[in-house]
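Fold and contact review
Spelled out from the first residue to the last, the chains are:
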Amino acid sequence: MTLLRLPTIALRHVRRQPRAAVYVRETAHTTVTGPQKVAGAVVLLAITIGLLVDALVTLRTLVALGLAFGAAYLAFRTLLVVVAGRYRFPARVTVPDEELPRYTTLHPMYGEANMIPVVVEAMERVDYPRDRLQCLLVLEERDRATVEAARSYPLPDYFEIVEVPTALPYGKPKACDYALERATGEFVVIYDAEDHPEPKQLRKAVETFRAAELRDDPLGCLQARLVFVNQSPLTGPLGEVIRDSDGYDVRPSTWCSRFLGNEYTVHFELVLAGLSHLGLPVPLGGTSNHFPMSVLEDAAFDPELMPEVGGHRLTTAAWDPWNVTEDAELGGAIAANGWTTALLDSWTDEEAVLTPRAALNQRSRWLKGFTQSSLVLLRHPWHNAQAMGPLRFGGFLMQVGGTVASLFLAPLTWALTIAYVLTRSQHIRDLFPGPLLYAAVLMFVGGNLLLVSISIAAALRRREFGSIRYLMTLFIPWGFLLSAASWTATLELVFPDWRPMWNKTAHGVRYASRRRRWWLAVTRWLRDRDERAQEPRPQPGQPALAPVSALAAAPGAVPAEDDWRVAARERAEAARRAARERRTADSRQRNQAVALRRVAAREAYRVRREAARTTPSLRGPTDFGAGVERGLASVSG
Amino acid sequence: MDVGALLALALLASVAAYLWFRDLGTILGYKDALSHLLIGRRVVVGQHPGFGQLGGIWLPLPHLLISTLAWNGDLYTSGLAGSVFSMLAYVATVLGLYGAVRVATRDRLAGWVAAAVYGLNPNALYLQSTPMGETLMYAGIVTAVLMMLLWYRTGLHRYLMLAAVCCMLLVLVRYEAWVFSLALLLVVVHVCFVKGHPFFSGDFSGQAYVLVFTGYAALGVLLWLIWDLVIFGDPLAWLTGQYTSIDQTRDLELSQVADLRVSLQTYAFAIRDTIGLPLALCGAAGMVAMAWRERLSPVFTTFLATAAAGAFITYGLYSGAQPMRVTEIDGDLYNLRMAVVMLLPIALFTGYAVSLVPRTGRVLSSALRIAGAAVLVVLAGAGLASASASDGRSVITSLEASQAYAAYQQERRVGDFVEDHTTGRVLIESFANEWVVFPNQERVIYEGSDQTWKIALKDPADPRADIDVIVMRTTEGNTDAVEKNLNHRPVLTTHFRRVLKTDDFEVWQRKDGAP
C-alpha cells in the first residue's frame, strides 16, 4: 500500500513547486502550426531514410516504440484506476439559503426544439432559490426552429434566451463564450439539453467551493459524475421492459448505450477520480462542470484571438471556439493556471446515443478534440511543460493524446496478429524478435484483459448486471468502433472539408429494436387499415378530422388515446401561463434588486480574492458579509 | 494476531521441511520435479531459449514461475528454483485454510485445526519442498474457496472476480484444477439460486455472476488451446499428442483401469497412506455433519468443490488417463502424491467438525474443544513424528521419490559422464532421459528444438545442427527417437565414435577433425 502512495506523494511534492513559466493559452484555430509541420516532416524523413538504409531495424524500432507507448498508457490507466479507490470527495460546509450566491446555468442547444420542455422540467426539479438562478438557453440565431420553440414555450422567470448571432466557427464553445458575457452568476455550470442534474447539485457545488475558500484551496472546477441512464432499459418488477403506448421503450437502450454507459462509469468514477487524487489535470466532461466565474475569467483567452460575434470580439472566452472538446482543453488550462479540479459528489443523468453510427460520430468528435488539444499543447512543449509542471503536462498529454494514439494503433496490432495467424508470414515474425514478441503478446492479451476487467468491475460496481453479457461478448466490435472513430477523427483533421466540424449528437431519440419496429409497423398498418374501413367518407368541404383543441374543449369529449397527451400538455401550459401572469411588476423589481446584489457579491468575491492573493496575512476564514459590504462599497464607489 | 502467528509457524515449518528433505536427498526424486525444472530453465537458458519451450502436455504457469529463478545454475541444480514457489504456496494454503474455515464457521480454533491438518501433514510438507506443481494448485484452490466464501458472505463483487482470476490461473497449473473450476462454477450458480439472483429477468445479476466467473476461468483454458495451436498446430496437442498421460499409461498394466471398484480402492488406499485413516474419518464425519446442519448451503458446496480434483483423479484411474499404484493392490508405489489433494476437503470439513463443539465459554466446554483440537493436531502430526523417527521412510511420497531416485542411477551416471567428458551440443531425446539431460540442459538439442532437432535426426553432422555429442537409449523395446533414427546408420559411424556404452545407453562423440 505504501507503494501505491508513492505517485501521490511525488505529485503532491511537484504541485508545491513554483511554476517556472506562465501558461499562455492558444486556440486550435490552426490545427498544425508551421514548426509542427516541420517537425513532422523531419520525423517522416528520418523514418523514410531508416527504411531505405535498414528497413528491418527501422520497423523493429517503430514496433518497440509503439509497444513502449502501449505499456506506458496501460500502466498509467491502471494506476489511475487503482488510486481511484483512495479518492475522497472534497469537504463541504453548510451554506444557508440566504447566503447562496447567484448561479448561472448554460444550456447550449442546436436543432433541439423538442428538448425545451425537458430542459425546463430538469431545472424545475433543481433545489435552488429561483431568485438566484439564471438559466440561459443558448440558442443559435440560425436555428430558427429551436428559437421559435423556446419563445413560444412558457419559460419560467429565471430562464433567459440567448440568441447567438450567426458567425463562424459554429458550435457549442463559441455559443457558451457568447452566453458567458450575459451570465450574472458567481458560479457557472453547463448542462446539455438532455441533462437531468441531481436536484441538490448546485447547492453541493456552492458548499464545496465555499469550503475550499475557507481552506484556501485553489479549487477551480467541480466535475459532477455523468450517468447514462439508458445504459439499461427501464424494467418493471418482473423484469419486463416498460414501453410507451406506441411500443417504444420508455428508456431506450442498445448495446451501444450499454458500452457508452460503462465507459462513463469507468471515466467519471475511476479515471477522473484517479487524476484528481494524483493532482493531475482533469480533462473535463462535456457538461456538469461547475466553475467560479472568476476562474473562467482568469483562464479566458486573449480577446484578440477570438472571433467577432454580433459585431464585437468575445471578451470572456473560456472555451476554445475551434476545439471540439473545448471542455477537456479547459480542464488543462485550469490546471495550468494553478487551479485544481475535483469531483463533485453528485451526478447528472444523461442520455447515450443508441446506434453504432451515432456513437462513431460522437466518439470521432471527442477524439478529434483530444487530438486538437494535444497538438495545441505540443506547440511549445518545453514551455508548456514548465508552465504546467512536467508530470502534469505528461499526465494530461497521456490522457488526451494517449487515448487517441492507443486507439489509432490498436487496429495495426489486430491486423498484424490476424495476418500472422492466417499466413504465418516470416516477414511479420521478423518484426518481433524474442523480447519484442513476448512484450507484444503480453500487451495484446494482458492489456485487453486488463481493460475488459476494468469495464466489468465498473459494471459490477454500478450493479449494471445486464450489461455484463455485452461487455464480455462484444468488446471486440466495440474496440473496432472506437478505433474507427480515432481514424475518422484523424482523417477529419487532415481533410477539414471532409465533414462538418461539429458532429452534433441527437438527443431525445425514441427507440425500438429492429424486430419490434417491424412488428410495430405491421400492427400500425393493420390498425390504420381497420380504422380507414370504419371511417365514414368526409363530405365535400368538411375537414377530415376535428382539431385536437376542439376535442379537448368540447364538453364531455373524451380525447382519443393519442390525443390525451396533447390535451394534458395544453392544460399544463395554460396553468403555467396563468401562474406567470399572476406574477406582478414588483417581482420584477425584486429581481432587479437581487441582480444588483449579485453584481456586488461578484465584485466582492473578486476584491476578496485579489486581496487574498496579494496579502498573505489576510488569508483565513472568509467573512462573506464583510466581503459583500466591501463589494457594495466598490460598486457604489 | 492469528494470521501473523500462523504465517510465522508456516514459514518455519516450510523451511525446516525443505532442509529435512534436502538432507534426505529426495527433493528431486520424482521425475516430474526434474521435468518442471528442465522446462522452466529452457525458457531462459539453452540452445533455443524462449516461451516457445512452454506448451505441449505440461501446463505452463509453474514453468513460468520457475523460469524466473532457473537461470541461476545453483538454484536450478538444487531444485530451489521451483521449491521456493512450492514453499510460498504451502504458506498461502495454510493461511487460506485458516481463513476459509474462519469465514465459514467464525471459529478461530476451527481455523487453526484446518491449517494444522494440512500444515502438519508430512506428505504436504514433502511436496512443498519439491518443484512440483501440486502445492501451487492447492494454494490456488484454497484461495479461490476463500474468495468464494467471502463473496457469498459479503456480497462484494471483487471477491467473485478474485475467485474467477484464481481459477483462470489455476487452470494453467494442473488439469485437476479444470474440474475444480467447473465445480466452483456450479457453486456460483448455487449461490445465485440461494440468494435469488435472477438469470434471465430482473437485473440479470445471476447471469452476470456466472458469466464473469466462466469468462475468466474459460479464458485460461482458451489461452492454453491457442498456445498449443500456435506451437504445435493442434489446440488439443495436450490431450491427443505424444507423451500424454493416456499415451504413457496405454502400455502399462494397471489393475484399476476399467474397474471402478479397484479404482476407488486404489485411491482410498492412497488417501489412507498419505493422510491417515483417522483424519480421513474426521473429515468424512465433518462433511456429513455439515451437509445435515447447513442444509446443503453454498458454504458446504464450496467446501465440497475441493473434492472435485480427487474425484477427477479417481475417474482418471478408471479411464486409464492417470496411473497410480499402491502396495496393497499392486505391490509397489507410484504417484501416491495425487491423493494429497484430498487433504484440502478433509482439512476444511475437520475444521468445521471442531466448530460444532459448543462454545459456551465454560471451562469444561473450552477444555473439550482444546482437547479435541489437540487430538486432531496430534493425528495430523503423527506422520511427521514417525517420519523424523524413521529417517523419512514413513513419509510415503518421499519414500516413493527415493525409490524412483534410486531407479535412475544409471541415467545420472550417464548425465555426469556427458557433463564431465564432453563439450558442445548434445543430441538427446529429453522424454524418459531427464536425468541425463538435467546437468547438460544448456547444451541439449531435443524434441523441443524444432527444426534443429529434425535436421540433427537426419544428419547430426549437418552444420545447421552442429551436434558434438549423441546420447541414445538402447534398451530393448524403447521408443527413443535418436536411437530409431541414427543407430547403425553410416551417418553416425562416419562422423562419430562411441565413447560410452552402458546397459541402456550409448554416448557418441564427434570424431576430431570431422566436418
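Up top is the structure.
These lines cover the structure that appears in this document, whether it is placed above or below. The structure presented is a predicted model; accordingly, all values stated were derived computationally and were not measured.

On to the overall build of chain A, then. What chain A contains, in helices and strands, is 21 helices and 10 strands. Across the 637 residues in chain A, those meeting the buried criterion constitute 46%. Restricting the contact set of chain A to residue pairs at least 6 apart, pairs at least 24 apart contribute 81%. Total accessible area on chain A stands at roughly 30,900 Å², and carbon and sulfur atoms take up 61% of it.

All right, on to the sheet that holds strand β10 (residues 340–350) of chain A then. Residues and elements named next belong to chain A. Ordered by their spatial adjacency, eight strands build an open sheet running β3-β2-β1-β4-β7-β6-β10-β5, and the pairing between neighbours is mixed. Two strands close off the open sheet at either side, each with one partner strand: β3 (159–164) and β5 (196–197). One ladder, built from seven bridges, connects strand β1 (residues 103–109) with strand β2 (residues 133–140); its direction is parallel. Each bridged residue has a counterpart across the sheet, and for Leu106 the counterpart in β2 is Leu136. Sheet strands in contact with helix α3 (residues 116–124) are β1, β2, β3 and β5, and its direction is about 160° off that of β1.

On to the environment of A:Tyr23. Residues and elements named next belong to chain A. With respect to the secondary-structure elements, Tyr23 resides in the loop between α1 (2–16) and α2 (34–84). The class for Tyr23 is buried, based on a relative accessible area of 11%. Distance in space between the C-alpha atoms of Tyr23 and Asn337 is 6.7 Å, their sequence separation being 314 residues. Contacts of Tyr23, omitting those with residues within four sequence positions, involve Glu329, Ala333, Ala336, Leu377, Asn384 and Ala387.

Residue and element names in this part refer to chain B. Taken together, the side chains of Leu222, Ile226, Leu229, Val230, Ile231 and Phe232 make up a nonpolar region of the molecular surface, amounting to roughly 480 Å² of accessible area. Structurally, Ile231 is set in helix α11 (residues 205–232). Overall, the relative accessible area of 31% leaves Ile231 in the partly exposed class.

Further remarks concern the sheet that holds strand β3 (residues 469–473) of chain B. All names here are of chain B. Here five strands make up an open sheet; going across it, the order is β2-β1-β3-β5-β4 and the pairing mixed. In this open sheet, the two edge strands, each paired with only one partner strand, are β2 (444–445) and β4 (496–501). Across two bridges, strand β1 (residues 426–427) lies against β3 in parallel orientation. The residue of β3 that forms the bridge with Leu427 is Ile470.

Further remarks concern the environment of B:Phe51. Its location among the elements puts B:Phe51 in the loop between α2 (31–44) and α3 (61–67). For B:Phe51, a relative accessible area of 25% puts it in the partly exposed group. Separated by 13 residues in the primary sequence, B:Phe51 and B:Leu64 have C-alpha atoms spaced 8.5 Å apart. Those residues in contact with B:Phe51, other than ones at most four positions away along the chain, are A:Tyr438, B:Val43, B:Leu64 and B:Trp227.

Turning our attention to the side chain of A:Glu350. Residues and elements named next belong to chain A. Relative to the elements of secondary structure, Glu350 occurs in strand β10. Despite its burial, Glu350 pairs with no opposite charge, the nearest such side chain being Lys172 at 7.2 Å. Here Tyr264 takes part through its side chain, which lies 3.4 Å from a polar atom of the side chain of Glu350. Excluding its chain neighbours within four sequence positions, the residues that come into contact with Glu350 are Asp192, Glu194, Asp195, Leu226, Val227, Phe228, Val229, Asn230, Tyr264 and Thr287.

Rules used in this analysis
Residues numbered from 1 in each chain as written. Chains lettered and ligands numbered in written order. Predicted model: local features only at pLDDT ≥ 70, side-chain atom pairs only at ≥ 80, totals over all residues. Heavy atoms only, no water. Helix = DSSP H or I, 4+ residues; strand = E, 2+ residues; numbered from the N terminus. Buried < 20%, exposed > 50% of the residue type's maximum accessible area, 1.4 Å probe, protein only. Contact = heavy atoms within 4.5 Å. Areas by Shrake-Rupley, 256 points an atom, 1.4 Å probe, with all protein chains shown as cover. Pairing = 2+ DSSP bridges. Axes fitted to C-alpha atoms, helices over the stretch in contact; angles between N-to-C directions. Patch = residues over 30% accessible without salt bridge, like charges linked within 9 Å, V, L, I, M, F, W, Y side chains within 5 Å. Salt bridge = Lys/Arg side-chain N within 4 Å of Asp/Glu carboxyl O. Lys, Arg positive; Asp, Glu negative; His and termini not counted. Polar contact = N/O pair within 3.5 Å; in protein donor to acceptor, adjacent residues only side chain to side chain.

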